[in-house]
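Working through the structure, step by step
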Amino acid sequence: MSLAADSSRSLRLTALTKEFSTFTAVDSLDLTVPAGTFFALLGPSGCGKTTTLRMVAGLEVPTSGAIHLGDDDITYTKPYRRPVNTVFQNYALFPHLDIAENIAFGLRRRKVREVDAQVAEMLALVELESQADKRPAMLSGGQQQRVALARALINRPEVLLLDEPLGALDLKLRRAMQIEIKRIQTEVGLTFVHVTHDQEEAMTMADTIAVMNAGVIEQMGSPSELYENPRTTFVANFLGQSNLIPGTVSSAGSDVVKVDMHGTQVSIPAARAHVTSGSGWVGIRPEKVLLAPEGEPLDAPGNHMHGAVITDVSFFGVSTQYVVRMPWGQQLVAFEQNTGIRGVLPQGTRVDVSWRPEFAFLLPSSQDVNAGAVQGAR
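Under the annotation held in an unreviewed UniProt entry, the chain carries the name ABC transporter ATP-binding protein and is attributed to Nocardioides faecalis.

Structure, rendered in structure tokens:
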């Protein structure tokens with residue numbers, strides 16, 4: 001089934017601003033969401049992502065700026081006149097109506113003909129044909145979420161807004177629904193704009209992620225681009241975990257930037273070095289950090305740092321997290337897949353540490369090293 005978006009009908013936000021009496025929730029936001037893509041606004045509570053969504057839906061009036069859908073200016077269009085539907089976290093299903101009638105509600109209200117055929121099509125899309133006669137209370141949370149999706153999609157919106165849609169589900173069901181919602185978006189070909197604070201949710205589902213912080217976009221790109229090459233400490237810490245180590249640039253070439261990091265020269269690819277002189281934060285993701293008991297070979301072409309000690313070990317089943325105290329006193333985090341090649345290293349083990357140079361990145365030291373980090377994680 002395809003409700004595919006017109007490729008010329010991108011959603012564009014231009015200098016969009018929302019000020020409340022005591023603070024600015026959204027600060028001159030410029031954003032283009034290409035038609036037919038799955039777009040995620042990711043950020044912590046209070047960053048402005050839900051306010052942005054509500055302005056697109058018409059539930060909040062912007063202080064300034066504009067919202068366009070294709071060539072149409074919808075900045076001040078009434079919510080019910082916009083080709084936009086919203087799916088909320090609480091689903092807002094009608095408890096007295098069965099599933100089929102919940103889905104049909106919008107069409108019946110507009111006195112559309114041949115409702116039953118369209119409802120059947122939607123039930124098939126969300127794989128709930130056998131639940132059509134049941135009331136919402138008889139369905140699981142994941143099934144109710146699919147009903148809410150079907151009820152929104154049957155109205156043929158150009159843009160579907162998803163406001164923390166999986167927040168009420170437990171972890172296992174949430175992961176299953178991430179795959180399900182992405183399947184539905186791919187199948188119908190509509191523009192989905194998804195607001196979430198959950199990094200895994202955004203990375204699993206979205207083609208493009210905009211990371212928001214304090215009313216502005218810190219960085220926007222594909223999940224892999226943001227994760228592998230963050231441009232700010234906030235993105236490095238908020239999207240996954242990062243080890244950020246102080247260093248000083250010793251030379252900057254067209255391909256490689258070399259950094260003195262506590263007496264060790266480390267190399268950073270120029271495309272991942274966001275500062276080329278002075279001091280900076282050398283960044284490396286925990287799963288890219290390699291450990292070996294002192295003196296054993298390490299499979300990495302980078303510099304090997306000696307004299308580190310494992311101070312904490314957490315076994316997660318598929319992987320083990322090590323906290324390692326480096327000779328200069330800083331603690332780094334390393335993840336190691338439990339492949340069975342070797343056993344878990346015990347606390348107190350002296351280890352050598354390394355990583356492949358191509359995985360490192362460099363950020364300006366003027367940025368807060370703790371920005372975006374979960375409290376207590378660093």
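**Here's the deal with the packing of helix H2 (residues 99-109) against helix H4 (residues 141-153)**
Their axes nearest at 7 Å, the elements H2 and H4 cross at an angle of 30 degrees. Classed by the angle they form, the pair H2 and H4 counts as roughly parallel. H4 is crossed by H2, and the crossing has right-handed handedness. Packed against H2, whose contacting residues are Ile99, Asn102 and Ile103, the element H4 presents Val147, Ala150 and Arg151 at the interface.

**Looking at the pairing of strand E3 (residues 38-42)**
Burial analysis of E3 places five of its five residues in the buried class, which makes it a mostly covered element. Alternating positions in E3 separate into two faces, Phe38, Ala40 and Leu42 on one and Phe39 and Leu41 on the other, with burial throughout. In this structure, E3 lies alongside strand E8 (residues 191-196), joined through five bridges in parallel fashion. Paired with phenylalanine 38 across the bridge in E8 is phenylalanine 192. Note that E3 and strand E9 (residues 208-213) share four bridges and pair parallel. Within E9, the position partnered with leucine 42 by the bridge is valine 211.

Calculation rules
Residues numbered from 1 in each chain as written. Predicted model: local features only at pLDDT ≥ 70, side-chain atom pairs only at ≥ 80, totals over all residues. Heavy atoms only, no water. Axes fitted to C-alpha atoms, helices over the stretch in contact; angles between N-to-C directions. Helix = DSSP H or I, 4+ residues; strand = E, 2+ residues; numbered from the N terminus. Parallel < 35°, antiparallel > 145°, perpendicular 65-115°, else oblique. Left-handed = near helix turned anticlockwise from the far one by under 90°. Contact = heavy atoms within 4.5 Å. Buried < 20%, exposed > 50% of the residue type's maximum accessible area, 1.4 Å probe, protein only. Pairing = 2+ DSSP bridges.

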